[in-house]
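As a plain string of letters, each chain reads:
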Amino acid sequence: MYKNILLPTDGTEFCQKAVAHGVELAKLAGAKVTGVTVAVPMRRMIAASLSAELLDSVKASHRVALTKALGFVEASAKAAGVTCETIEIQDEHPYRGIINAAEKKGCDLIVMASHGQRGLAAVIVGSETQKVVTHTDIPVLIYR
């Protein structure tokens, strides 16, 4: 059925639940998983306004968060006996990074979380999950 399932994560509890579900699905299907985080590049104006020390601190903190998010994917896959690869992508638009990762890695399913924003918050903030669904032909399983 599925051979490679993409598991986008930002490290939040919502994403961890979706990752766990995606890993179990991969185990049942005999598929491997690819975990991905998409980092939005820090804008030059913001970076230029920070002291070198503060900028280094922000970058280090960001690195720790990404490593932890991908580490959760790896640990979940290992515990389930599922083959796993992880990648980090930089893109101004996370949905685009997710879709590019799925295409590049030959994923045939994307399992991702929906944070469930509704109303005005959903309109203002938008939904990366909705954007992925709208802009890809790859099937997307939304975990809520």
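Residues numbered from 1 in each chain as written. Predicted model: local features only at pLDDT ≥ 70, side-chain atom pairs only at ≥ 80, totals over all residues. Heavy atoms only, no water.

(A) Spotlight on the nonpolar core. By size, the foremost hydrophobic cluster in this structure holds 15 residues, and its most contacted members are Leu 6, Val 36, Ile 98, Ala 101, Ala 102, Ile 110 and Val 132. Breaking this core down by element, the ones donating at least two residues are β2 (32-39), β3 (84-90), α4 (94-104) and β4 (109-113). When residues of this core are assigned to their parent elements, the largest contribution, five residues, is made by α4. Beyond its immediate chain neighbours, meaning those up to four positions away, Ile 110 contacts Leu 6, Pro 8, Ile 98, Ala 102, Val 132, Ile 138, Pro 139, Val 140 and Leu 141. Counting residues in hydrophobic clusters, the runner-up holds 13 residues, among them Ala 31, Val 73, Val 82 and Leu 109. (Core = buried A, V, L, I, M, F, W, Y, C linked by side-chain atoms within 4.5 Å. Buried < 20%, exposed > 50% of the residue type's maximum accessible area, 1.4 Å probe, protein only. Helix = DSSP H or I, 4+ residues; strand = E, 2+ residues; numbered from the N terminus. Contact = heavy atoms within 4.5 Å.)

(B) Expanded view of the pattern of salt bridges. Counted under the stated rule, the structure contains five salt bridges. A salt bridge links Glu 88 to Arg 63, with the shortest nitrogen-to-oxygen separation between them at 2.8 Å. Taken together, the residues span a long stretch of sequence, with Glu 88 in strand β3 and Arg 63 in helix α3 (residues 52-80) at a distance of 25 residues. For Glu 88, a relative accessible area of 30% gives the class partly exposed. Notably, a salt bridge pairs Lys 131 with Glu 128, separated by 3.7 Å at the nearest N-O pair. Taken together, the residues Lys 131 and Glu 128, both in helix α6 (residues 128-135) and three residues apart, mark about one turn of the helix. Since its relative accessible area comes to 29%, Glu 128 is described here as partly exposed. (Salt bridge = Lys/Arg side-chain N within 4 Å of Asp/Glu carboxyl O.)

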